Amino acid sequence: MTASNKTTDQIAGNQVAGDRVAIFDTTLRDGEQSPGCSMNLDEKLRVAATLEELGVDIIEAGFPIASNGDFEAVRRVANMVKSCSVAGLARAHPKDIDRSWEALRGAARPRIHTFIATSPLHMKYKLQMTPEDVHQAVVDSVGRARNLCDDVEWSCEDGTRSDHDFLCRTVESAIKAGASTINVPDTVGYTVPTEFAALIAMLYERVPNIDQAVISTHCHNDLGLAVANSLAGVGAGARQVECTINGLGERAGNCALEEIVMALRTRADALTCTTGIDTTKIAPASHLVSTITGFQVQPNKAIVGANAFAHESGIHQDGFLKNSETYEIMTPESVGLKASTLVMGKHSGRHAFREKLKELGYSDLGDNAINDAFSRFKDLADKKKDIFDEDIVALVDDAALRGNDRIKFLSLQVIAGSKGPQTAELELEVEGLIVKTKTEGNGPVDAIFNAIHELCPHDGQLQLYQVHAVTEGTDAQAEVTVRLSENGKSVNGMGADADTLVSSARAYIHALNKLVVKRGKGVPEAISA
Ligand code: KIV
Ligand code: ZN
């Protein structure tokens, strides 16, 4: 049996067939497993809504047994999303599978994704199980999942380092037990394209009931080969690719959604497979995920890096101006990047601002977020001559992130410079109470963070402080990311403003609000004194 023998009818329980590749996004599960990349419930819902608009086929929303927070996130995503499948991960334990189903049962299209390692190394040292026990666990776990849910995916963790005979036997048994998707993870990012293609071809060749399932790839990027390996898998007949926005994921990450999708689209002549992704939504999705996680996209990153469509050298610019195809294999518009246009100024009114928001894809913002963004837009227009689309996106993202913050930024006055001491005079509103302080520090940012600490005592440790200019020019807004960790949990905060120090305060306060919510306690007492 080869991939080309497949027909729509043969791929039971799945929406895709033939040359259509299903995009399984795992930003909310494997992506969230990146160290330092935690998302709260609201953020996960925003990412899920964006993935649905992007047109992914399956959203893996989390690992329900991992924590109550993960369970709730999967449940809420499952209940919200309508046009794609929602998957929840489960180990091969009855409790995992039942918990996953509990979280997923409200979904329009639920999928239980269960896995167990099949490589000799993982079975012996991690699981401490014999191959026979693992085989039985596959039969039992897939069978249990299939009794609950019509759509079951099974993954052979560390599949690329598994013994072929054993792999074929477990895949055949998983399909017999009811799995309609067989995912082959390259868990440690070890394989190379020719080897991975041969592995997928081997499964088509040797597993007698393989025609009853879709083969899926799940490639990690430890050797920088995740996209190449996934494409090789597709070439050998895989019809689902597991991937994440911006390539987030454990260690070096996963196959990047934007790269595999644009490779399939741009080289349709060579790769002959399509996806259901609306590629014009890629850039906003990438921006949202990087804003929420605080993981900045490197400038030269394919498709979504700031330089991905920039032409710097004279020879390139000359060729590009004569015919853009000389140096551009895809257009910025095709991934949702518009040429940055000067659109708004200090005379623009609320109506124009709302229209602009719609044009930028923010059609469902609440009135509070719009009002907040509009008043900050007016402030910005007073300070900054040219307001670009990127400025408005940064303002709106900043306003939307603040939601129901219990600690609110009110004002900041800083003395900086070489003479010292650098001081920060900060005013906050904490659960309705206005509090102020003036502190010194080792530089202005330190002074601000000390002031916040004084007003809101906490044990959070600063893990990351990062500044990024939203546009060009010295009057550009600064987008600041702050990561705080407390008791092994970390949160990211983001702030945007034309003043880098104000952005820094906003970002720190945003992170602190998230810590307060994570702790589940009120704001510490000392601040209201
Ligand atoms: O990398 C991996 O093996 C995984 C599985 C749980 C699918 O993420
Ligand atoms: Zn993984």
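Residues numbered from 1 in each chain as written. Chains lettered and ligands numbered in written order. Predicted model: local features only at pLDDT ≥ 70, side-chain atom pairs only at ≥ 80, totals over all residues. Heavy atoms only, no water.

**Structural notes on the coordination of the zinc ion (ligand 2)**
Then comes step 1: The protein atoms that coordinate the zinc ion (ligand 2) are Asp 30 (OD), His 218 (NE2) and His 220 (NE2), at distances spanning 2.0 to 2.2 Å.
Then comes step 2: Read N to C, the donor residues that coordinate the zinc ion (ligand 2) are spaced as D-x187-H-x1-H. One exposure class covers both His 218 and His 220, and it is buried. (Donors = N, O, S within 2.8 Å, 3.2 Å for Na, K, Ca; no water. Buried < 20%, exposed > 50% of the residue type's maximum accessible area, 1.4 Å probe, protein only.)

**Brief notes about the site of ligand 1**
Then comes step 1: What surrounds ligand 1 is the set Arg 29, Asp 30, His 113, Phe 115, Ser 155, Glu 157, Asn 183, Pro 185, Thr 187, His 218 and His 220.
Then comes step 2: One of the side-chain nitrogen or oxygen atoms of Asp 30 is found 3.0 Å away from an oxygen atom of ligand 1.
Then comes step 3: Between ligand 1 and His 220 there is a distance of 3.0 Å, counted from an oxygen atom to a side-chain nitrogen or oxygen.
Then comes step 4: In isolation ligand 1 exposes 260 Å². Once the protein is present, 93% of that is buried.
Then comes step 5: The set of elements that each furnish at least two residues to the shell around ligand 1 consists of strand S4 (110–117), strand S5 (152–157) and strand S6 (181–186).
Then comes step 6: Of the residues in the shell around ligand 1, the class split is two nonpolar, six polar and three charged. (Near = heavy atom within 4 Å. Polar contact = N/O pair within 3.5 Å; in protein donor to acceptor, adjacent residues only side chain to side chain. Areas by Shrake-Rupley, 256 points an atom, 1.4 Å probe, with all protein chains shown as cover. Helix = DSSP H or I, 4+ residues; strand = E, 2+ residues; numbered from the N terminus. Nonpolar A, V, L, I, M, F, W, Y, C, P; charged D, E, K, R; others polar.)

**Focus on the nonpolar core**
Then comes step 1: Core analysis: the biggest nonpolar cluster contains 89 residues, and Leu 54, Val 56, Ile 59, Trp 154, Val 171, Leu 203 and Ile 260 have the highest contact counts within it.
Then comes step 2: Counting residues per element, this core draws most heavily on helix H6 (residues 164–177), which supplies seven residues.
Then comes step 3: Structurally, this core is a two-domain feature, drawing no fewer than three residues from each of domain 1 (3–293) and domain 2 (309–336).
Then comes step 4: Of all hydrophobic cores here, the second largest spans 30 residues; its members include Ile 407, Val 435, Leu 501 and Tyr 508. (Core = buried A, V, L, I, M, F, W, Y, C linked by side-chain atoms within 4.5 Å. Domains from an automatic or database assignment.)

**With respect to the sheet that holds strand S15 (residues 478–486)**
Then comes step 1: Reading across the sheet, the three strands line up as S14-S15-S16 and stay open at both edges, with antiparallel pairing between neighbours. A single partner strand is all that each edge strand has here, and the edge strands are strand S14 (461–469) and strand S16 (489–497). On average, each strand axis in the sheet is inclined to that of its neighbour by 15 degrees, with strand direction left out of account.
Then comes step 2: One ladder, built from eight bridges, connects S14 with S15; its direction is antiparallel. Paired with Leu 464 across the two strands is Arg 483, which belongs to S15. (Pairing = 2+ DSSP bridges. Axes fitted to C-alpha atoms, helices over the stretch in contact; angles between N-to-C directions.)

**A few points about the domain arrangement of the protein chain**
Interface extent is often summarised as the accessible area lost during association of the parts.
Then comes step 1: Assigned domains within the protein chain: domain 1 (3–293), domain 2 (309–336), domain 3 (340–401) and domain 4 (407–519).
Then comes step 2: With centres defined by C-alpha atoms, the gap from domain 2 to domain 4 works out at 39 Å.

**Some points on the packing of H6 against helix H7 (residues 193–206)**
Then comes step 1: Between H6 and H7, the least distance of the axes is 10 Å, while the angle of their chain directions is 55 degrees. Relative to H7, H6 is oriented oblique. Between H6 and H7 lies a crossing whose hand is right-handed. For the pair formed by H6 and H7, the contact residues are His 164, Asp 165, Leu 167, Cys 168 and Val 171 on the first element and Leu 199, Met 202, Leu 203 and Arg 206 on the second.
Then comes step 2: Each residue belonging to the contact of H6 with H7 can be placed in one class, and the counts come to six nonpolar, one polar and two charged. (Parallel < 35°, antiparallel > 145°, perpendicular 65-115°, else oblique. Left-handed = near helix turned anticlockwise from the far one by under 90°. Contact = heavy atoms within 4.5 Å.)

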